[in-house]
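Here are the chains, one letter per residue:
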Amino acid sequence: MKKFTKAIIFFLAVVAPLLIVTVALRKPAPDHAQLEKLRAQYPARHQSGVDHSKMEILQQDFKNPHQITEACLSCHTERGMELLHSSHFTWEREAFIPGRGVTYLGKKNLLNNYCTGVQSNEGSCMKCHAGYGWNDKAFDFTNQLNIDCVVCHDNTGTYAKATGGGGYPVMGEGGPDYKKILGSMGLPKSENCGNCHFLGGGGNNVKHGDLEMALLKAGRNVDVHMGVDGAHMNCVDCHSAENHQMKGRYYGVSSTNDQRMSCEECHTAFPHQKSILNEHSIKVACQTCHIPVYAKVNPTKMYWDWSTATRKKDGKGFEEKDAEGNVTYASIKGDFIWQKNVEPEYTWFNGTADHLLLTDKIDTSQAFVKINTLNGAYRDRNSKIIPMKVHRGKQPYDSKNLTIIQTKLWDKEKGKGALWLDLEWERAIVEGMKYVDMPYSGEHGFIATEMYMPVNHMVSVSSEALSCKECHTREEGRLATLTDFYMPGRDRNEWLDFGGKLVLLGSLFGIIVHAAIRFTASRRRKLAHQHKA
Amino acid sequence: MKKHKKVYVYQGFERFWHWNQALLIFLLALTGFEIHSSYTILGFETAVDIHNKAAWGFIILIIFAIFWHFTTGEWKQYIPTTKNLKAQAEFYLLGIFKNAPHPTEKTLISKLNPLQRLVYLGLKILMIPVMVISGLLFMFYRYPHGNEIEIINIDNLEIIALIHTAGAFAVIAFVLVHLYLITTGHTITSNLKAMISGWEDLEETEDENEVADKKENDHETK
């Protein structure tokens, strides 16, 4: 009986802990079933049920693009109405913003700290409007024939709008080959979206940093979804649309927490095998860990200083470039700083945003003016930590009226006050402010501004996702600026740690002193004993 | 000098429990302070992994230990007493240097001296529960995860984290002193040997017969 007991005790004492430790430390076998399903589902190319090249109505010689729209609408009878309510056409959205009430904001009337704003510059900016002829306030947003169907649905990649044409393509000689183009009409390709969304701000990758031409040809190492050696997905695979309402929001112009695109829609809310990672998703957006850097191929603009614009060399405007060929100074725009492989900054975001309006008073006591405000906080249950590009700059403001300034940058001809043509601030400001019906005191300065742009693209392969230590670290972690919560590994109470160390050192000291006295006392006793003997 | 007798002081489960607890506390402290960013040894992710698994191991172990304490009546060992408390303190502070005898006799029914009784009771009803509960709240500060209906929802981890950290310092301080006090038995190693083998030389006491009886019974039941 006793033998058995000993065997059992041995088993419990030695074998059981070993077994438990081995089982506990065993890594689960990787399970990619969900990803495999998505991989099978998404690369399948859309097969159109219609061959537009067989349609008689599209074979005619179109004299002007409005006739094309008319032809489109003769079959797609209701799509025109949809477009009239699409932000791609209206450039504004109806949104309730706390403190402001119901607003109608968008690219149409908001400012940024890149090229600042479209108002008074429509002729040039509307090269990216899904319409024809938006040159000024007179544009008719209710006329379906003002819609440009081709710019999004051309599948040949040859349609292009004219520069400074208010949204029209090149007309007449040298214009687009409509027979070919209209025959190809179909779902938008990434190229269609990219022509505007990759080139915003005046060049490739200038504005977003995570949206650029390289995405069309890059591999999974740049964007795991669009990579040509991977799923090779199109923009519209994720940004799907119902009645021309695209999913996805850009908070430089949007304000409300709806119609957003989310990773969870495909990957579910629990995509990780490790539950501790899934738990992170309560407070951390997928993008935060899975987009460790953006602007992976080409640099993006991080800083734009308008205050140095209008300098001249030999009476003319000029440009300076850095070694990589990026324009670092332009007389028409000022100084720029470009960066590549940028680590995002991070913020709490609940999907709602506010914007600086032309009518808002600027608080000059602050270090900078926020062009837009992403709302969120740790304690807000709808908030998650998101990565963002912060674009900093200096732009003109009315130093007496304390409002931000809309500058007239562009015109068809010189002498009408356009900054880019005349290189003169005062007149450009007067013309711009007159156009937006805002008073101008006659005194302008330049004020530091920041703009916050969530980074959602250039998702990295999983092996490149952030490691724990990039945030859970004492100094200079990725989330060092988000101080409204306690994070293990980053935060501590210094007094508590100091006290704790004191207790441990005190204990050790006590032990050493006690042991030393015991040792010497027993030596002395032994010596005394020997003496006696 | 009193007569000594070999006594089976620590039963099999008791030793199993003790040494596994020792191992788990070592693992928890090592990984815990790595998570606290006090040093880097295993890597943060591995540290968290081991810490969480060791925590579950610890919880399972103490459930068994609680069961054992109550079924064997061993819980009575921890009933605090003031008898000899002063004498015991004086022994550690003075008597031990003069080779004075232990003021409290170690017997099967009273293995712990009054100071040990107090400290171990504190460990059992205060320190360990505080660490386990704050640790569980750390794991489940929002539970069920990602669900609209939440049974546990704590807005700020800070207070939990600070309690858990403070407790960790206290437990380590206990372990340090505990390790040293191992050497204060009849000989330097007698306490350690007893916790390994179960057997210890104890002084024969007046209720020697009673002890002997209990031992007999123990062996018979086995």
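Residues numbered from 1 in each chain as written. Chains lettered and ligands numbered in written order. Predicted model: local features only at pLDDT ≥ 70, side-chain atom pairs only at ≥ 80, totals over all residues.

Focus on the overall build of chain B
To keep it simple, the criterion reads: Secondary structure elements follow DSSP: runs of H or I no shorter than four residues count as helices, runs of E no shorter than two count as strands, and numbering proceeds from the N terminus. A residue pair is marked as a contact if its C-beta atoms, positioned from the backbone, fall within 7 Å.
Across its full length, chain B holds 7 helices and 4 strands. Ordered by position in the sequence, the α and β elements of chain B form the string β-α-α-α-α-β-β-α-α-β-α. Put simply, of all contacts in chain B between residues at least 6 apart along the chain, 64% involve residues at least 24 apart.

Quick look at the overall build of chain A
Selection criterion: Each radius of gyration reported is based on C-alpha atoms, and the globular scaling rule is 2.2 Å times the count of residues to the power 0.38. Buried means a residue has 20 or more other C-beta atoms within 10 Å of its own C-beta, exposed means 12 or fewer, and partly exposed covers the counts in between; C-beta atoms are placed from the backbone.
The secondary structure content of chain A amounts to 16 helices and 15 strands. Against the globule reference of 24 Å for 533 residues, chain A gives a C-alpha radius of gyration of 31 Å, more extended than a compact globule. Buried positions account for 33% of the 533 residues belonging to chain A. Sequence-distant contacts, at least 24 apart, represent 67% of the contacts inside chain A between residues at least 6 apart.

Quick notes on the domain arrangement of chain A
Note the cut-off: For the domains described, the bounds stem from an automatic or database domain assignment.
Domain boundaries assigned for chain A yield domain 1 (101–110 + 205–470) and domain 2 (493–533). The straight-line distance from the C-alpha centre of domain 1 of chain A to that of domain 2 of chain A is 64 Å.

Concerning the interface of chain B and chain A
Contact residues are listed per partner, giving 34 residues for chain B and 39 residues for chain A. Contributing elements (two or more residues each) for the side of chain B that touches chain A: α1 (12–35), α2 (44–72) and α5 (158–181) of chain B.

Some points on the pairing of strand β7 (residues 327–330) of chain A
Residue and element names in this part refer to chain A. Selection criterion: Pairing between two strands requires that DSSP report at least two bridges joining them.
Strand direction decides the pairing type here: strand β6 (residues 319–321) and β7, joined by 3 bridges, are antiparallel. Its bridge partner lying in β7, K321 is registered against V327. Turn length for the β6-β7 hairpin, with the two strands adjacent in sequence and antiparallel, is 5 residues, and the turn residue G325 shows positive phi of about 90°. Note that β7 and strand β8 (residues 334–339) share 2 bridges and pair antiparallel. For Y329, the partnering residue across the bridge sits in β8 and is D335. In this structure, the hairpin formed by β7 and β8 is closed by a connection of 3 residues.

Description of the nonpolar core
Residue and element names in this part refer to chain A. For clarity, the cut-off: Remark: nonpolar core denotes a set of buried Ala, Val, Leu, Ile, Met, Phe, Trp, Tyr and Cys residues whose joining runs through C-beta atoms within 7 Å.
Core analysis: the largest hydrophobic core is formed by 52 residues, its most contacted members being I386, M388, L409 and A418. Residue assignment for this core shows that the elements contributing at least two residues are β9 (345–349), β13 (384–398), α14 (419–422), α15 (425–435) and β15 (444–454). In this structure, L409 is in contact with C115, N121, A418, L419, W420 and A428, ignoring residues within four places of it in sequence.

Observations concerning helix α4 (residues 114–139) of chain B
Note on helix geometry: an α-helix contains 3.6 residues per turn, so any two residues three or four positions apart are oriented the same way. Residue and element names in this part refer to chain B. The test is simple: Under the convention used throughout, the expected extent of a helix is 1.5 Å for every residue step, that is, one less than its residue count. The bend at a residue is defined as the angle formed between two axes, one fitted to the seven residues ending at that residue and one fitted to the seven starting there.
When the terminal C-alpha atoms of α4 are compared, their 36 Å separation across 26 residues agrees well with the 38 Å that a helix rising 1.5 Å per residue should span. Of all the bends in α4, the greatest, near 40°, is centred on L123. Regarding α4, the residues found buried are P114, R117, M131 and G135. As for α4, its buried residues are in contact with α2, α3 (85–93) and α5.

Points about the environment of B:S38
Residue and element names in this part refer to chain B. For S38, the position within the fold is in the loop between α1 and α2. S38 gets classed as partly exposed once you count the C-beta atoms within 10 Å, which come to 15. With 26 residues separating them in the primary sequence, S38 and F64 have C-alpha atoms 32 Å apart.

Points about the environment of A:G166
Residue and element names in this part refer to chain A. Tracing the chain through its elements places G166 in the loop between α7 (150–153) and α8 (178–183). With 21 C-beta atoms packed within 10 Å, G166 lands in the buried category. Measuring from C-alpha to C-alpha, the distance between G166 and G131 comes to 8.5 Å, with 35 residues separating the pair along the chain. Here G166 is in contact with E122, G123, M126, G133, W134 and N135, once residues within four sequence places are set aside.

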